[in-house]
Amino acid sequence: MTNIEADLQKNPQFDWSASECELGIDRSGIINIGWLCSDRPCQMGKAAKTALLWEDHQGVEKVFTYNDIRILSNNIAAYLEGLGLKPGERICLFMDRVPELYIGFLGILKLGAVAQPLFSAFGEESLFTRLDNAQTSAIITQRKHALKVRKIRDQLPNLRYIIIVDAGEGALKEREIAMDMEKLPKADDYKVYPTKAETSSVLHYTSGTTGQPKGAQHVHYSIVSQYITAKWVLDLKDDDIYWCNADPGWVTGTSYGIIGPWVNGVTQAVLDSGFNAERWYKFIEKYKITVWYSAPTAIRLLMREGKETVQKFNLSSLRHLCSVGEPLNAEAVHWSKETFGRPFHDTFWQTETGCIVITNHPALPVKPGSMGKPFPGIEAAVLNPQTFEPVNQTGIAGLIALKPGWPSMVRSYWNNPTGYQNKFKNGWYLCGDRASIDIDGYYWFMGRDDDVINTGGHLVGPFEIESALLEHPAVAESAAVAKPDPINMEVVKAFVVLKPGYAPSDDMELDIMNLIRKRLSPLAMPQEIEFIDALPKTRSGKIVRRILRAKEFNEPLGDMSTVMND
Ligand code: 6R9
């Protein structure tokens, strides 16, 4: 029987407070995610149980028990405190998927500071924007990524420490200090900071259409949602070996790549390596992964690899599969049934929701191509885009909206209260996506309702790309839009107007692409650049990306009345 069925049988009325009870916490008392993910499992008799099975791309393995992660995160918290870092300060984690990232995350939270994880493939400009906005006090990183921090540290007066986890004997530069996690002084009885339900915990940056990325500010109380959704949707049980292949630079990698499995006291496996079908299958076989949380782009890559590759491995340990980040097409669900003997279960949610909100939980029959239904305790609707009232009719497209109030809902955007207010209409939180609901109450995803580009499950904002494009000496104006892609769903395409005196060429295209890859990230790099004479604009001068995008997708152009066509 699945967890959700077992729990609902005992107590059919859903209430978040039942999860508080199971976690032994009280909304008005002390709640600390770092403690709940490491000390509590130890207190529940799991001290010697494996918390983390880690392997890197060269096959080097490390194993950590719950007691190991408890002590190591204590040591890190005490070390950071010793540096003078205080509760509430932002401490960035900027690393590949090394153990220090996972355990450091808990350490920062135990100190009462705010963990700000950033994707290690970010270039210096993406990094700068986010550290500057959060007025980050310290960054924990690796030698290879410290080079990017060095380039921007002079413009970041608040950044007091650049902590390098693998410094070795290498020379340290200004503000840099070495921290060897395994050799830190022991702080076995570290006094975890008494954070409360509403104390800030995690700051995840996410892209919108306008302006720079927004820092979604979460609180310690979010763990209530992450606990119960991991238990019910991922169906995590005591003897599971769980693998989430998302990077903690993105919300899936923290909510369900750190907090969800550990607060449930489950063993999780981490592979610090990019995509490679054989390596992935080998990893599942070797560690006997039972529950796997993946994404449509990865599934499409595996599908492309074909049957012969899968057949080389024994994947019979897999018992439950979930997917997130992009629409999970029906074809991928059928393929996974055929290949693994079970379907991928779709889960829809966002950085802002902090937890899964619409899903095919394991007790719900999967309708391939649908995202499933709202999670118990989540009130969702599809709203008419003009009136912002629920459409209340099956099959009609509208805006996905949620009634605020679940525990892991984002509390604000860092330094951007207006941006946060703009996400609400008529008492509903708007996700920025469109869907319809069928007669059985299943949600069918239709697309985003804005210009944000979803490439391989990662959101990239056009504004950030366009700002970086303008730094190229030849670029006068630009627009970044989504272009359909068979694997990544969407990739970035840039339309560029050159300054007088510059002519389009292959070299120019490559030069511009490289600039974006280096400054922002490989994800944000345009896969194609089209040089044009002028961009479509409204009479008030705003770029109408919708028209450029419609051309890429062969879609109708829609209302053109406000667009200048001269
Ligand atoms: C968790 C995460 C959120 C956006 C979201 C939507 C898209 C996520 C999806 C999905 C279709 C799904 N998205 N899950 N689209 N089906 N199951 O991905 O957070 O990075 O903030 O992205 O991703 O557009 O609004 P985040």
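Residues numbered from 1 in each chain as written. Predicted model: local features only at pLDDT ≥ 70, side-chain atom pairs only at ≥ 80, totals over all residues. Heavy atoms only, no water.

## A look at the domain arrangement of the protein
Once the domains are mapped, the protein shows domain 1 (3-437) and domain 2 (451-553). Using only C-alpha atoms to locate each centre, domain 1 and domain 2 end up separated by 29 Å. With 26 residues of domain 1 at the interface, the matching set in domain 2 holds 26 residues. Both sides together, the interface formed by domain 1 and domain 2 hides about 2000 Å², and carbon and sulfur atoms give 52% of it. Viewed at the interface, domain 2 and domain 1 are joined by three salt bridges. The salt bridge partner of Arg-519 is Glu-125, with a shortest N-O separation of 3.4 Å. Where domain 1 meets domain 2, there are 13 residue pairs in polar contact (both at pLDDT 80 or more). Among the secondary structure elements, those contributing two or more residues to the side of domain 1 that touches domain 2 are α6 (124-134) and α11 (296-305). A per-element tally of the side of domain 1 that touches domain 2 places α6 first, with five residues. (Domains from an automatic or database assignment. Contact = heavy atoms within 4.5 Å. Buried area = accessible area lost by both parts, 1.4 Å probe. Salt bridge = Lys/Arg side-chain N within 4 Å of Asp/Glu carboxyl O. Polar contact = N/O pair within 3.5 Å; in protein donor to acceptor, adjacent residues only side chain to side chain. Helix = DSSP H or I, 4+ residues; strand = E, 2+ residues; numbered from the N terminus.)

## Concerning the side chain of Ser-207
Position of Ser-207 relative to the elements: it lies in the loop between β8 (200-206) and β9 (214-219). By relative accessible area, which is 11% here, Ser-207 ends up buried. With residues up to four places along the chain from it excluded, the contact list for Ser-207 reads Arg-130, Pro-213, Val-452, Leu-459, Val-460, Gly-461 and Glu-464. (Buried < 20%, exposed > 50% of the residue type's maximum accessible area, 1.4 Å probe, protein only.)

## So, helix α17 (residues 545-553)
Within α17, the full set of buried residues consists of Arg-545, Ile-547, Leu-548, Ala-550 and Glu-552. Directly after α17, the chain includes Asn-554, whose backbone phi takes a positive value near 55 degrees.

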